[in-house]
Amino acid sequence: MLHRICIILNSILYLLFIFLALFALIVERDFSSLSLTIVSAIFLSSGISLWFNFICSRVNKINKERTAISGHFKNTGKMVFILNILNLLAIFFLLIAAIVDLYSTSGIQRITLFAILVLLTILIVGLSALVNLIFYTKALRKNKTLVNESINEIGTI
């Protein structure tokens, strides 16, 4: 149950990041190179993390159906798993860079509330992504045991 909540929460926050990045690209005409890098990296990493959330939900559905995960899907999931770990680090450092960039362009009074909200969002995204990573590894092990149980049932018939 917790992993479903984390998948939904994580997906909503990543969609929010994508929409905010698109909104910033549409509204703001004059980007500094750092700001453009931050926005495009957040857009890319959010897309990859949404892909991992989709894979986690598919693995959960496959386990409920008690069927085997295909080798191609398993390899894709492992690749996106590694990319998602890198995304957690990238989002953390990129949002710190965004705070520094915002701090250099505006005063300390405006940055304090924004920094607190961003850090809380990073914490929520990081924790929910961590739960998804843990769930994914457990779901792969569970699927392996489900397949072994099906093979054992065939042998006893």
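Above this text you will find the structure in question.
Before going into details, it helps to say that this report is about the structure given with it. (Residues numbered from 1 in each chain as written. Predicted model: local features only at pLDDT ≥ 70, side-chain atom pairs only at ≥ 80, totals over all residues. Heavy atoms only, no water.)

**Concerning the overall build of the chain**
In terms of regular secondary structure, the chain is built from four helices and zero strands. Classification of the 157 residues of the chain by burial places 36% in the buried group. Across the chain, contacts joining residues at least 24 apart in sequence account for 80% of those joining residues at least 6 apart. (Helix = DSSP H or I, 4+ residues; strand = E, 2+ residues; numbered from the N terminus. Buried < 20%, exposed > 50% of the residue type's maximum accessible area, 1.4 Å probe, protein only. Contact = heavy atoms within 4.5 Å.)

**Comments concerning helix α1 (residues 2-27)**
Counted at 1.5 Å a residue, the expected span for α1 with its 26 residues is 38 Å, and the 37 Å between its end C-alpha atoms agrees. Restricting attention to buried positions, one finds in α1 the residues H3, C6, I7, N10, S11, L13, Y14, F17, I18 and A21. (Expected span 1.5 Å × (residues − 1).)

**So, the nonpolar core**
In terms of nonpolar packing, the biggest core is built from 22 residues, with F52, I55, C56, V59, I69, F73 and Y136 touching the most fellow members. Those elements that provide at least two residues to this core are α1, α2 (33-65), α3 (71-105) and α4 (108-156). Examining the composition of this core, we find that seven residues originate from one element, α4, more than from any other. When neighbours within four sequence positions are excluded, I55 is seen to be in contact with F73, T76, G77, V80 and Y136. (Core = buried A, V, L, I, M, F, W, Y, C linked by side-chain atoms within 4.5 Å.)

**Re the environment of K78**
Mapped onto the fold, K78 is located in helix α3. A sequence separation of 59 residues divides K78 from T137, and the C-alpha atoms of the two residues are 9.2 Å apart. When near neighbours in sequence (up to four residues on either side) are disregarded, K78 contacts Y136 and L140.

**Observations concerning the environment of K144**
Turning to its location among the elements, K144 is positioned in helix α4. Judged by relative accessible area, which is 55%, K144 ranks as exposed. Taking the C-alpha atoms as reference points, K144 and N63, separated by 81 residues in sequence, lie 9.6 Å from one another.

Taken by themselves, the reported measurements are silent on function.
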